[in-house]
Amino acid sequence: MHDLILHHYASSPFSEKVRLVLGYKGLVWKSVTVPVVLPKPDVVALTGGYRRTPFLQIGADIYCDTALICRVIDRLAPTPPLFPVAASGMQHMLAQWADSTLFWVAIPYTMQPAGAVHIFGNAPPEVLKMFAADRAAMTAGMRRPTVADAHAQLCSYLGWLELQLDDGRKFLCGDAACIADFSVAQSLWYIRRAPPVATVLGPYARLGEWFERLQAFGHGSHEQMSSDDALAVAAGTAAVAVTEFDGHQGFEPGQQVSVTPADYAQDPVAGTLRGLTRDEVAIERHDERAGRVMVHFPRIGYQIRKSEKKDA
Ligand SMILES: N[C@@H](CCC(=O)N[C@@H](CS)C(=O)NCC(=O)O)C(=O)O
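Residues numbered from 1 in each chain as written. Predicted model: local features only at pLDDT ≥ 70, side-chain atom pairs only at ≥ 80, totals over all residues.

(A) Representation of the overall build of the protein. Per the secondary structure count, the protein includes eleven helices and ten strands. Rg of the C-alpha trace for the protein: 20 Å, near the compact-globule value of 20 Å for 312 residues, within the 12% margin. Over its C-alpha atoms, taken along the principal directions, the protein stretches across nearly 60 × 50 × 40 Å. In the protein, which comprises 312 residues, the proportion classed as buried is 37%. (Helix = DSSP H or I, 4+ residues; strand = E, 2+ residues; numbered from the N terminus. Rg over C-alpha atoms; globule rule 2.2 N^0.38 Å. Buried ≥ 20, exposed ≤ 12 C-beta atoms within 10 Å, placed from the backbone.)

Okay, structure coming up:
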């Protein structure tokens, strides 16, 4: 099997979700550090325009979005399972809620001035300005909660999570960890990075113990890799052949399409449609430096549109 190459940066909560999953599975992986803000030329060479963090590279296959990345990791390393049967359908719904609703309350809450000082450390004011401008452009059109909204909503959500653990269970959906635990953990991890605002977590003792259990999984073992080397891996490898195609979704294999996140960072990725299932879409594209790559997205949260040109 080719190496698992995670493209990420240290302070990214969604990356922490995947790092913990890699730890849970006890995996060995390569770590490529990507820029926190645009421009991201080496990212775009691999993804075709998707700028969000993290993404997973396996040879010339690029997996975008942690929902898909976690499924791919679980497929490659099924033990211990990330989607235990006993955790039922609820694990998926809880994970989706945490990745969207909880995340978009945890971030604005943590980024209030008292928290931002800790998140950015000694970064000069230009860096803060650049970051704010980048994220404002990325979320244009989204109504983000004020700090007051975020604080109130966060307290409700933390109360719900505490209640979920009320019967003494070890993890959110039972006695084994599941995808929902990792999705919720990333937001709490981010809040905890800013001690003056992390006091909000204080009253939730069970949640605190649960978080320590998650943290104990660690990050597996990894080695640093340069983005140049990651590009060379893609260029020197053939993407896996995608064969599954659900012809009932109004698309045909070989069609030119674009795939775009439906929520924020709506940068379309254009390519030739190769794979389509209920859960996943795969498009093939060519880049001067990365060569032929297959870029995979989850089906949920992404819009596929036909382009004009047809593939031969
Ligand atoms: N639905 C995506 C969301 C990823 C996401 O929003 N990541 C943040 C970082 S934690 C991001 O992309 N920020 C902008 C950037 O890194 O360029 C996923 O599950 O991977």
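Text resumes after the structure shown.
(B) Examining the nonpolar core more closely. Core analysis: the biggest nonpolar cluster contains 81 residues, and Val21, Ala180 and Val293 have the highest contact counts within it. Looking at this core, the element that brings in the most residues is helix H4 (residues 90-110), giving nine residues. Summarising the domain contributions, this core has at least three residues from each of domain 1 (5-79 + 222-310) and domain 2 (85-215). Residue contacts for Val293: discarding those within four places in its chain leaves Leu46, Ala60, Ile62, Ala234, Ala239, Arg285 and Asp287. (Core = buried A, V, L, I, M, F, W, Y, C linked by C-beta atoms within 7 Å. Domains from an automatic or database assignment. Contact = placed C-beta atoms within 7 Å.)

(C) Inspection of the environment of Ala148 at higher detail. Within the secondary structure, Ala148 sits in helix H7 (residues 147-164). Judged by the 10 C-beta atoms lying within 10 Å of it, Ala148 is exposed. Distance in space between the C-alpha atoms of Ala148 and Gln112 is 9.8 Å, their sequence separation being 36 residues.

(D) Fine view of the domain arrangement of the protein. Domain boundaries assigned for the protein yield domain 1 (5-79 + 222-310) and domain 2 (85-215). Distance from the C-alpha centre of domain 1 to the C-alpha centre of domain 2: 24 Å. Contact with domain 1, which involves 15 residues of that partner, is made by 19 residues of domain 2. Mapped onto the side of domain 1 that touches domain 2, the elements with two or more residues apiece are helix H1 (13-24) and helix H3 (66-76). Ranked by the residues each element gives to the side of domain 1 that touches domain 2, the list is headed by H1, at seven residues.

(E) View of unusual backbone geometry. Each neighbour pair has its own omega, and for Leu38 with Pro39 the value is 0 degrees, a cis peptide bond. Tracing the sequence through the fold places Pro39 in the loop between strand E2 (28-33) and helix H2 (41-47). For the peptide bond that leads from Thr53 to Pro54, omega is 0 degrees, which places it in the cis range. For Pro54, the location among the structural elements is in the loop between H2 and strand E3 (55-58).

(F) Highlighting the pairing of E3. Both faces of E3 are covered, namely the face carrying Phe55 and Gln57 and the face carrying Leu56 and Ile58. Pairing of strand E1 (residues 5-8) with E3, which is carried by three bridges, proceeds in the antiparallel orientation. Within the sheet, the bridge partner assigned to Ile5 lies in E3 and is Gln57. Bridging between E3 and strand E4 (residues 61-64) involves four bridges; their strand directions are antiparallel. Among the inter-strand pairings, Ile58 is bridged to a residue of E4, identified as Asp61. Linkage of E3 to E4, two consecutive antiparallel strands, is achieved through a turn of two residues, within which Gly59 is found at a positive phi near 65 degrees. (Pairing = 2+ DSSP bridges.)

(G) Structural detail: the pairing of E1. What you see with E1 is no split at all: Ile5 and His7 on one side and Leu6 and His8 on the other are buried throughout. In this structure, E1 lies alongside E2, joined through four bridges in parallel fashion. Paired with His8 across the two strands is Thr33, which belongs to E2. In the classification by handedness, the crossover that spans E1, the intervening H1 and the parallel E2 is right-handed. (Right-handed = clockwise from strand over helix to strand, strands pointing away.)

(H) Looking closely at the site of the ligand. As a matter of local geometry, the ligand sits amid Ser12, Pro13, Phe14, Arg51, Arg52, Thr53, Asp65, Thr66, Ala67, Asp99 and Met138. Elements supplying a minimum of two residues to the shell around the ligand: H1 and H3. Of the residues that constitute the shell around the ligand, the class distribution is four nonpolar, three polar and four charged. (Near = placed C-beta within 6 Å. Nonpolar A, V, L, I, M, F, W, Y, C, P; charged D, E, K, R; others polar.)

(I) Local environment of the packing of H4 against H7. It is the contact of H4 with H7, at a shortest axis distance of 8 Å, that shows an interaxial angle of 130 degrees. When the axes of H4 and H7 are compared, the pair comes out oblique. Considering how the two elements wind past one another, H4 and H7 form a crossing that is left-handed. Across the interface between the two elements, Leu102, Val105, Ala106, Pro108 and Tyr109 from H4 touch Val147, Ala150, His151, Gln153, Leu154 and Tyr157 from H7. (Axes fitted to C-alpha atoms, helices over the stretch in contact; angles between N-to-C directions. Parallel < 35°, antiparallel > 145°, perpendicular 65-115°, else oblique. Left-handed = near helix turned anticlockwise from the far one by under 90°.)

(J) Looking closely at the environment of Ala152. On the secondary structure map, Ala152 appears in helix H7. Residues Ala152 and Val184 lie 32 residues apart in sequence; the distance between their C-alpha atoms is 18 Å.

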